[in-house]
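Examining the three-dimensional arrangement
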Amino acid sequence: MTAPASKQTRRRRFKLRGLITYLLALSFFVLVISGVVNFLAPSGRIARQIDWSLLGLDRIAWQSLHLSFAAVFIIVALVHLAFNWHGLLHYLRDRASRHLTLKWEAAVAVAITLVLISSAVLALPPASNLHDLTAQFRRTFWTDGGAAPGRGTAPTGLGQKESIPATDGPSLPQGHPPVPPDKPCSDCHRGQ
């Protein structure tokens, strides 16, 4: 026997959980793609000089895309956690003892996170190695086989500023005032 026509044509309700799941997956995908593009893209100065773009987007657009989807990913991940909090707790807890399981795994995950944050803030390996890798790629691929004269590629830690050399050569844009070697040029370039 078939259901009455009114029940067959009833529309399915919109499910917020489904939307959150798809948004989480799609924002992660966009973050991966835009992160790889930003990693491989030329530095800001070179990107402006050669008018670089990929898929019709310039470097600033790729950075904006990455930042926008990072915000979406964080918000949607928090909503996803709120929806699935009980399931997560059941996964982490032993039902019989009501105690946290996977204690060693949680400790190792927290330790790895703290090491990565510290290495990025203090400009130590492995974060500094990743910075050096992208700098080497940019020098090799986006310049004539070497760094611009007087330019270093050392990463800077939190609170430190990269300085631009005091030359009127190709490392400073035309019309840019000379910058003393002991002073950062953060007002107009933010270290670029």
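Residues numbered from 1 in each chain as written. Predicted model: local features only at pLDDT ≥ 70, side-chain atom pairs only at ≥ 80, totals over all residues. Heavy atoms only, no water.

To continue, consider the overall build of the protein. Secondary structure summary: the protein contains 7 helices and 2 strands in total. Secondary structure of the protein in N-to-C order comes out as α-α-α-β-β-α-α-α-α. When burial is assessed residue by residue, the protein has 18% of its 192 residues classed as buried. (Helix = DSSP H or I, 4+ residues; strand = E, 2+ residues; numbered from the N terminus. Buried < 20%, exposed > 50% of the residue type's maximum accessible area, 1.4 Å probe, protein only.)

This model, assessed by the stated rule, comprises 1 aromatic pair. Taking 6.2 Å as the distance between ring centres and 40° as the angle between the ring planes, the aromatic pair formed by Phe-28 and Phe-73 counts as tilted. Placement of the pair is Phe-28 in helix α2 (residues 16–40) and Phe-73 in helix α4 (residues 59–83), with a sequence separation of 45 residues. (Phe/Tyr/Trp six-rings, centres within 6.5 Å; stacked < 30°, edge-to-face > 60°.)

A grouping of Ile-74, Leu-78, Leu-81, Trp-85, Leu-88, Tyr-91 and Leu-102 is seen on the molecular surface, where their side chains present a nonpolar patch of about 680 Å² in accessible area. Relative accessible area serves as the criterion here: at 31%, Leu-102 is assigned to the partly exposed category. (Patch = residues over 30% accessible without salt bridge, like charges linked within 9 Å, V, L, I, M, F, W, Y side chains within 5 Å. Areas by Shrake-Rupley, 256 points an atom, 1.4 Å probe, with all protein chains shown as cover. Salt bridge = Lys/Arg side-chain N within 4 Å of Asp/Glu carboxyl O.)

Taken N-terminus to C-terminus, the directions of α2 and α4 make an angle of 150°; their axes are 8 Å apart at the nearest point. Here α2 runs over α4; the crossing is left-handed. (Axes fitted to C-alpha atoms, helices over the stretch in contact; angles between N-to-C directions. Left-handed = near helix turned anticlockwise from the far one by under 90°.)

A few words on the layout of surface pockets. Of the volumes computed, that of the second largest pocket is approximately 190 Å³. If you list the elements that add at least two residues to the lining of the second largest pocket, you get α3 (44–49) and α4. Its residues assigned to classes, the lining of the second largest pocket shows 3 nonpolar, 3 polar and 4 charged. (1 Å grid on protein atoms, 1.4 Å probe; cavity = no way out; pocket = protein on both sides within 12 Å on 5 of 7 lines; lining within 4 Å. Points joined across faces, edges and corners; volume = space filled by probe spheres on them. Nonpolar A, V, L, I, M, F, W, Y, C, P; charged D, E, K, R; others polar.)

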